[in-house]
Amino acid sequence: MGLLSRKDSKLILDPLADDNPITIQVLGICSALAITAQLKASVVMAISVIFVMGVGNVVISLIRNIIPSKIRIIVQLTVVATLVIIVDQVLKAYSYQLSKELGAFIGLIITNCIIMGRFEAFALGNGVWRSFLDGIGNALGYGVILIIVGFFRELLGSGTLFGFPVLGDPIAKTGVYAIGYENNGFMLLAPMALIVVGIIIWVQRSRNTALIEDH
Amino acid sequence: MEHVELFFKSIFIDNMVFATFLGMCSYLAVSKKVATAVGLGAAVIFVLAITVPLNWLLDQFILQEGALAWLGPEFAAYDLSFLSFIMFIATIATMVQLVEIVVEKFSPALYNSLGIFLPLIAVNCAILGGSLFMQSREIATFGLALNYGVSSGIGWFLAILSIAAIREKIRYSNVPPPLRGLGITFIITGLMAIGFMSFGGMLTGGDEEVKTEQKTVELEKQDDEEDTKKIADNLSKIAD
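Below is a summary of the structure that appears in this document. Note that the structure is predicted; figures quoted are calculated from it, not measured. (Residues numbered from 1 in each chain as written. Chains lettered and ligands numbered in written order. Predicted model: local features only at pLDDT ≥ 70, side-chain atom pairs only at ≥ 80, totals over all residues. Heavy atoms only, no water.)

**Remarks on the interface of chain B and chain A**
At step 1: Residue-level contacts link 43 residues of chain B with 41 residues of chain A.
At step 2: Of all residues in chain B, the largest losses of buried area upon contact with chain A belong to Phe21(B), Phe85(B) and Phe186(B), amounting jointly to 19% of the total for that side.
At step 3: For the side of chain B that touches chain A, the secondary structure elements donating two or more residues are helix H2 (16–20), helix H3 (24–29), helix H5 (84–106), helix H8 (125–136) and helix H10 (182–197) of chain B.
At step 4: In terms of residues, the side of chain B that touches chain A owes the most to one element, H10(B), which gives 10 residues. (Contact = heavy atoms within 4.5 Å. Buried area = accessible area lost by both parts, 1.4 Å probe. Helix = DSSP H or I, 4+ residues; strand = E, 2+ residues; numbered from the N terminus.)

**Points about helix H4 (residues 72–94) of chain A**
At step 1: Here H4(A) spans 33 Å end to end across 23 residues, near enough to the 33 Å set by a 1.5 Å rise per residue.
At step 2: All of the buried residues along H4(A) are Gln76(A), Leu77(A), Val79(A), Val80(A), Ala81(A), Leu83(A), Val84(A), Ile85(A), Val87(A), Asp88(A) and Leu91(A).
At step 3: Against the buried residues of H4(A) lie helix H3 (39–62), helix H5 (96–102), helix H6 (104–107) and helix H7 (113–123) of chain A together with H5 of chain B. (Expected span 1.5 Å × (residues − 1). Buried < 20%, exposed > 50% of the residue type's maximum accessible area, 1.4 Å probe, protein only.)

**Considerations on the layout of surface pockets**
At step 1: Put simply, the largest pocket is a space of about 610 Å³.
At step 2: As for the largest pocket, its lining consists of 19 residues, and the residues nearest its centre are Lys92(A), Lys100(A), Ser81(B), Gln135(B) and Ser136(B).
At step 3: For the lining of the largest pocket, the secondary-structure elements that each account for two or more residues are H4 and H5 of chain A together with H5 and H8 of chain B.
At step 4: Taken together, the residues that form the lining of the largest pocket break down as 5 nonpolar, 8 polar and 6 charged. (1 Å grid on protein atoms, 1.4 Å probe; cavity = no way out; pocket = protein on both sides within 12 Å on 5 of 7 lines; lining within 4 Å. Points joined across faces, edges and corners; volume = space filled by probe spheres on them. Nonpolar A, V, L, I, M, F, W, Y, C, P; charged D, E, K, R; others polar.)

**A look at the side chain of Ser131(B)**
Residue and element names in this part refer to chain B.
At step 1: Of note, serine 131 is situated in helix H8.
At step 2: Look at serine 131 and you get buried, because its relative accessible area is 0%.
At step 3: Not counting residues up to four positions away in its chain, the partners in contact with serine 131 are Thr51, Val52, Asn55, Phe88 and Ile92.

Purely geometric stuff here, so don't read any function into it on its own.
Printed below as a string of structure tokens:
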């Protein structure tokens, strides 16, 4: 890569797979599970987190030398809360329906552990450009899992993707429904999100055995 | 009755972990041993019981549309609800700090068991989630807000206690290696969530059906009465 050195591109690529914030670092699970019943909501959530993490990491990195370490948590929370308010207001202005559906979960980006975790672990000790890349990388890793979970839940649960029917019409019995396929409404319920993430972890760790924990 | 209903609803039906996935990060990270899980669970109940009513007051008297009317009629038009995220999180962070100081001063024993968890809690989604859901569900009175805080805390406590107990035992089972640790915890939580869904009909299930039946019976009665009236009218016309 011309623009990024090898070390820099590692910052973006690592969190996508082997250092994934959700499946390996166990951060930011709450929102990953609650809003993934539809692909559209997952994508919007992923974009919001990418924005908040990218900008947030830059801001924290800029002021890292002037924050007294005792009150750094409150400073970090204030920065994130401000960014999240921006996201929330933009959503309310341009996509009111979606903002109603996501409801409190946009607000919960504030306490999304990925954000605080990366502030603490990276942005407080690194320069602006590297912090920005780290933020984008981790948010992308988070977004990838969100979109995978959202994809399977919407496809198997309601037979649609982004709201468009892709498997045929369940009432008129066209497409795969003609041969007796039925939507699994259970996929839309909360517990299945957990099980889908569990299966993603299973697949990932079977492929890369170095990641296996001993209990 | 309202209180009892909200209490059981927040513990079982709208359980923070199993229905809305709040506080999953610490739920997964601190559930390896029962003793630590109990400590964190107790701290969550404690902090929710303080912050939810406090944020309720904040929401009612400062943030909601028209909430500033108590300052004078010229303030009645303000709607500060867009500030609620930052106000809620600031309240939570300061309260957690304050509680930590007070507990350390007055009850060193409690501080030793809860103390290490308190800083963790400021960034626990369950705490902010409690306040945000309190706002979006429009909880009506201060008493109900207090009730909501305590009972959803108890629900979270139950969840982390049960998963910690299961994880202590599962150490002795032969889990497939790639699932060990995190993977199996996710799947167990999913199964527990399915189990908790069976509480769904606890408060409303029976009543609704009875009500609809009564309504149809009443409608039929009205129809019957109308019919008899018509018949009577017709008879009188014929007689005329």
